[in-house]
Amino acid sequence: MRLFGLHNSTDPIRLNWKDDINAENSLPPIDYAALVQYAKDTHQRHMKYAHNIECQLSDMYNIGGLHLVRLLDFGDGTTWLARLQLQKGTAASCQRLIAEVHTIQLVREKSNIRVPEVFSYDASCDNSVGDPFMLLEYIQAITAMDSFGGWDKHKGRIPQHFRTDYHASMANIQVEIASIRFPMIGRIVKLSDGTFSIGELPGIGGPFKTAAEFFCAWADNSKFPYDENFIRERTSAAAVDEIISSIKGFPARLRDFARHYTFQNGPYPLIHSDLYSSNVLVDSQCRIKGVIDWENAIVGPWEIVEVIKDLSIVPRLLDGPFYREKQSDQEMMADRKRYIQAIKEGERASRVSETLDSWNTQNFAHAIWLYSDGRIGYYSRIFELFTEINARSSDQEALNIEMLKLRVRRQLF
């Protein structure tokens, strides 16, 4: 594993990897000999060698989210990553892999964002390896989450002396991602002629022409991840009934809201659904070297574009009377303000900064993502601010009409 020019067990980044894969009891059956042979054949074609060169499967591995990652070291000094699904492949997981490959190819073609090249993949559930997988470029870096002592030391926060430059770089990356736009909402599909289009979203449908169509379909198909018993066990008895009612009623409220609210029109931006430090690769100076984990990326409404996850804040309305502001929240708010200013200074069009600078839009976006994640809260209260704004707008419109009538009367008399 070659990181910062090293290839030994004392490598500071390598120490974040594990080396005893036999201790893992929940891994799917994988034919590693078949994986190595597949990698050798792919490497030969990619490098245009006349014959295979040696390939060794490293003892080092990592597990995160839905995937197992192994390192493949070749005799010519190159290293690739093999990323395999942790669970037995299904039709849905195989399609998700294909969508990720297509999205990575799109981002590499349409932006300057560093994302790992996909050398090859097999999304079938019955391939010779025994598991859907892809072979990726190995970027010599570590996730920002795992760097500088990891979660135990910094709780996911970028060290203060790196934070300004890191957020400025992330702002540029988010602008570039959102600059990849399509007239429809859905998932990236690469066509046989090499161009990109939009396909349906799993579990929701589409593609959709408007944000309203998307949100209505989302409401019709969304389901809170946890049942009522789970919620009751983790919620104050004084509030639990209202919270359960709010959670259950959220899709219907959203559907009604979508039918009346004026959403932004397309073209719609590409959205990395988990733009968090665990998916950003950095070097020893916290300079960004790549962005990974594009499997759930979508082209979505502007109203679900949110600030990077490191700076997202649970809406106060979602916590209701249980909200308590912490010192860390104040610090994050200051970082968030600087981040949005960096967006404004760096973007070529104003739609990203306008979206991120609107608290109502951000609260709405956070609520949509948090609902899917199963965060317990007063979801239906999210619409209260929009109701207040509409009421104020109506009052202002009525006042403007009265002022106009008064000016007309003065002109007549």
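The name given to the protein chain in an unreviewed UniProt entry is Aminoglycoside phosphotransferase domain-containing protein, with Massariosphaeria phaeospora as the source organism.

A. Quick peek at the overall build of the protein chain. Tallying secondary structure elements over the protein chain gives twelve helices and 13 strands in all. For the protein chain, the residues scored as buried account for 48% of the 413 residues in total. Considering only contacts within the protein chain whose residues lie at least 6 apart along the sequence, 66% involve residues at least 24 apart. Accessible surface, the protein chain: about 20,800 Å² in total, of which carbon and sulfur atoms supply 50%.

B. Geometry of the state of the cysteines. What the rule picks out here adds up to zero disulfides. Summary of cysteine pairing: Cys94 is not part of a disulfide, and the nearest cysteine sulfur, belonging to Cys125, is at 3.1 Å.

C. Geometry of the packing of helix α7 (residues 240-260) against helix α11 (residues 359-373). Two elements in contact, α7 and α11, have axes separated by 12 Å at closest approach and are oriented at 135 degrees. One way to sum up the angle between α7 and α11 is to call them oblique. Where α7 crosses over α11, the handedness of that crossing is left-handed. Touching Ile247, Phe250, Pro251, Leu254 and Phe257 of α7 are Phe364, Ala367, Ile368 and Tyr371, all from α11. Along the lines of polarity and charge, the residues of the contact of α7 with α11 split into nine nonpolar, no polar and no charged.

D. Local environment of the nonpolar core. Ranked by size, the top nonpolar core spans 95 residues in total, and within it Phe215, Leu254, Leu270, Trp294, Tyr339, Phe364 and Tyr379 carry the most contacts. For Trp294, the residues in contact, after removing those within four places along its chain, are Glu100, Thr103, Ile104, Val107, Val115, Ile177, Leu270 and His272. By size, the runner-up hydrophobic cluster in this structure holds 22 residues, among which are Ile21, Cys55, Leu72 and Phe119.

E. Layout of empty space enclosed by the protein. Applying the stated criterion to the full structure yields two cavities of 30 Å³ or more. Size it by volume and the largest cavity reaches roughly 150 Å³. Along the wall of the largest cavity there are 16 residues; nearest its centre are Gln174, Ile271, His272, Leu275 and Glu306. Of all elements in the fold, only α4 (160-178) and β10 (268-271) reach the threshold of two or more residues within the lining of the largest cavity. A total of three residues in the lining of the largest cavity trace back to one element, the largest contributor, which is α4. In terms of residue class, the lining of the largest cavity is made up of ten nonpolar, three polar and three charged. Considered as a void within the structure, the second largest cavity measures approximately 40 Å³ in volume.

F. Structural context of unusual backbone geometry. A cis amide bond links Gly206 to the next residue, Pro207, at an omega of 0 degrees. With respect to the element layout, Pro207 can be found in the loop between β9 (196-199) and α5 (211-221). Of the consecutive residues Gly266 and Pro267, the connecting peptide bond is found in the cis state with omega at 5 degrees. Phi is positive for Cys286, close to 65 degrees, though the residue is something other than glycine. For Cys286, the position within the fold is in the loop between β11 (280-282) and β12 (288-291).

G. Local environment of the pairing of strand β1 (residues 55-64). Strand direction decides the pairing type here: β1 and strand β2 (residues 67-74), joined by seven bridges, are antiparallel. What sits directly across from Gly64, in β2, is His67. What sits between the antiparallel neighbours β1 and β2 is a turn of two residues, in which Gly65 has the positive phi angle 65 degrees.

H. Representation of the environment of Ala212 within the structure. Within the element layout of this structure, Ala212 appears in helix α5. When the C-alpha positions of Ala212 and Tyr261 are compared, they lie 8.1 Å apart, and in sequence the two are 49 residues distant. Discounting chain neighbours no more than four positions away, the residues touching Ala212 are Ala258 and Phe263.

I. Local environment of the sheet that holds strand β6 (residues 142-143). Taken together, the three strands give an open sheet; going across it, the order is β6-β11-β12, and neighbouring strands pair in antiparallel fashion. Two strands lie at the open edges of the sheet, namely β6 and β12, each paired on one side alone. Bridge count for β6 against β11 is two bridges, and the pairing is antiparallel. Across the sheet, residue Thr143 finds its bridge partner in β11, namely Leu281.

J. How the structure looks around the sheet that holds strand β3 (residues 79-85). What the five strands build is an open sheet, ordered β1-β2-β3-β5-β4; its pairing is antiparallel. The open sheet terminates on both sides in strands that have one partner only, identified here as β1 and β4 (118-122). Looking at each pair of strands side by side, their axes are set apart by 20 degrees on average, direction ignored. By the bridge criterion, seven bridges tie β2 to β3 in an arrangement that is antiparallel. Paired with Arg70 across the two strands is Ala82, which belongs to β3. The sheet strands contacting helix α1 (residues 32-47) are β1, β2, β3, β4 and β5 (133-137), and the helix crosses β2 at an angle near 55 degrees. Those strands touched by helix α2 (residues 91-110) are β3, β4 and β5, and its axis lies near 165 degrees from that of β4.

Reading the values: the criteria
- Residues numbered from 1 in each chain as written.
- Predicted model: local features only at pLDDT ≥ 70, side-chain atom pairs only at ≥ 80, totals over all residues.
- Heavy atoms only, no water.
- Helix = DSSP H or I, 4+ residues; strand = E, 2+ residues; numbered from the N terminus.
- Buried < 20%, exposed > 50% of the residue type's maximum accessible area, 1.4 Å probe, protein only.
- Contact = heavy atoms within 4.5 Å.
- Areas by Shrake-Rupley, 256 points an atom, 1.4 Å probe, with all protein chains shown as cover.
- Disulfide = S-S within 2.5 Å.
- Axes fitted to C-alpha atoms, helices over the stretch in contact; angles between N-to-C directions.
- Parallel < 35°, antiparallel > 145°, perpendicular 65-115°, else oblique.
- Left-handed = near helix turned anticlockwise from the far one by under 90°.
- Nonpolar A, V, L, I, M, F, W, Y, C, P; charged D, E, K, R; others polar.
- Core = buried A, V, L, I, M, F, W, Y, C linked by side-chain atoms within 4.5 Å.
- 1 Å grid on protein atoms, 1.4 Å probe; cavity = no way out; pocket = protein on both sides within 12 Å on 5 of 7 lines; lining within 4 Å.
- Points joined across faces, edges and corners; volume = space filled by probe spheres on them.
- Pairing = 2+ DSSP bridges.

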